[in-house]
Structure formats: C-alpha cells, structure tokens
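# Report on the structure
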Amino acid sequence: SALGVAGNASFGDNNKAIFGAGSDLQIYHDGSASYISDQGTGNLFIQGGNFRVQNPAGTETYILANENAEVKLYYDNAAKLATTNTGVNITGTVTADGLTVSSGATFDGGDTTIDFSLGTGRFNTPNSFVFTVDDDSNSADQAVYFRSNAGQEVATFKENGDISFYEDTGTTAKFFWD
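Residues numbered from 1 in each chain as written. Predicted model: local features only at pLDDT ≥ 70, side-chain atom pairs only at ≥ 80, totals over all residues. Heavy atoms only, no water.

### As for the pairing of strand 7 (residues 78-84)
Two elements, strand 6 (residues 71-75) and strand 7, share four bridges in a ladder whose sense is antiparallel. Paired with L73 across the bridge in strand 7 is L81. Between the end of strand 6 and the start of strand 7, which pair antiparallel, lie two residues, with D76 showing a positive phi angle near 50°. Between the antiparallel neighbours strand 7 and strand 8 (residues 87-90) lie two residues. (Pairing = 2+ DSSP bridges. Helix = DSSP H or I, 4+ residues; strand = E, 2+ residues; numbered from the N terminus.)

### Describing the environment of Q152
Mapping Q152 onto the fold places it in the loop between strand 12 (143-147) and strand 13 (153-158). A relative accessible area of 32% means that Q152 is categorised as partly exposed. Taking the C-alpha atoms as reference, Q152 lies 6.6 Å from T169; in sequence the two are 17 residues apart. (Buried < 20%, exposed > 50% of the residue type's maximum accessible area, 1.4 Å probe, protein only.)

### What to know about the sheet that holds strand 8
Strands sit in the order 4-5-6-7-8 across an open sheet of five strands; the sheet is antiparallel. Strand pairing shows two members of the sheet lacking a second neighbour, strand 4 (50-54) and strand 8, which therefore form its edges. Across this sheet, the average inter-strand angle for adjacent strands is 10°, counted without regard to direction. The pairing of strand 7 with strand 8 spans four bridges and is classified as antiparallel. When the bridges of strand 8 are listed, A82 appears paired with N89. (Axes fitted to C-alpha atoms, helices over the stretch in contact; angles between N-to-C directions.)

### Structural notes on the pairing of strand 4
Sheet topology note: the strand 4/strand 5 (residues 61-66) ladder contains five bridges and is antiparallel. Looking across to strand 5, one finds that R52 is bridged to L64. The turn linking strand 4 back onto strand 5 is made up of six residues, and G58 within it adopts a positive phi angle of 75°.

### Here's the deal with the side chain of S164
Along the chain, S164 falls in strand 14 (residues 163-166). Residue contacts for S164: discarding those within four places in its chain leaves V154, A155, T156, A173, F175 and F176. (Contact = heavy atoms within 4.5 Å.)

### With respect to the sheet that holds strand 2 (residues 25-29)
The strand order 1-2-3 describes an open sheet built from three strands, whose pairing is antiparallel. Every interior strand has two partners, whereas the edge strands, strand 1 (17-19) and strand 3 (34-38), have only one. Direction aside, neighbouring strands of the sheet carry axes that sit 10° apart on average. As defined by bridge partners, strand 1 adjoins strand 2 across three bridges and the pair is classed as antiparallel. Bridging from a neighbouring strand, F19 pairs with L25 of strand 2.

### Describing the confidence of the model for the chain
Of the residues in the chain, 80% reach a pLDDT of 70 or more, and the chain-wide mean stands at 84. Mean pLDDT values over the elements of the chain span from 62, in strand 10 (residues 119-125), up to 98, in strand 6. (pLDDT = per-residue confidence, 0-100.)

So, in structure tokens, the structure goes:
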C-alpha cells in the first residue's frame, strides 16, 4: 500500500527510512554520520541526467557528471580529472606506481621532465632531449645505454665522457671516443 506524506517526514537519530521487503535500502543518521545504505542484493543506482556531489552549502563540487558528456573529479573545487570525448584530461601532477603507454606519448610545451630510476629525461625545447644520469647509486659505471629491441648495444655514453658506437652484433665498439 502507498503512504502519502504531505510535508516533511522527520526521523530521530538511528531511526531509518527503510525500503524493500528485506529492509534493502536504508537512509538514516546515527547522531554523528549520515548513511544511504544498500543492504540488499543487486546494485544501488543513482539516476539523473546531471549529477553533482557537493558540500552541504552547495558551493563546492566534489564530483560532476553530465549525461552524454564529461565526468569530473575535483580537489578543493578545482577540476583535477575530467573525461572527454577523446580520453581524459588531468590537471596537476600524476603520481603512479606504474605507467603503460600503448600507442605513444606527446610532450608539448615548455620544459617537460621524466624521472627514471637512475636519471631524468627532459624535453626542454621542441628539438632536444636531455638525459641526465644521477650519481645517487655511487656506481663507477654510470652510463646511458642505447640498445636494440633484441638487447644489443647500439651506443654507450659514460659518465666519464667515453662514447662507444657498436657494430651490428652489439658486442664490439667499432667507434670509441676516450
């Protein structure tokens, strides 16, 4: 049977608005936190053409989703991750445990730095790439190696200034600058 409510329905702390034959959906406040709790089987759907999660005053957005358009995640009311029709846009620094790029990467504009385990690569103009080997490991054999897909040496640039270019098997330096 249907229950009609004209006006507000007030519930005290720990009193729940319960929906479903098995108390599947519960909405309540326990005195210190508020809950929308799906206790049943299946999914909890929140449906709407445009969706916002905001602070209580409605002045700061945490999550924004628009039908047939973008989804954005915010930090302090500033969009940091946004889906687009071609992928995603990230504003700020990306910190990740790993990165796989399946079809290429583009670095545009200004001074772009890539940190590697023992060095940094830096695109500082559209026409140059600088790779620096850090000396943190205290290894006497600091070098930048260029290897083929098969792992053969193509060229080696050592920290002491030695440069080697290898023959096609990658075992013997055919041109060596000491």
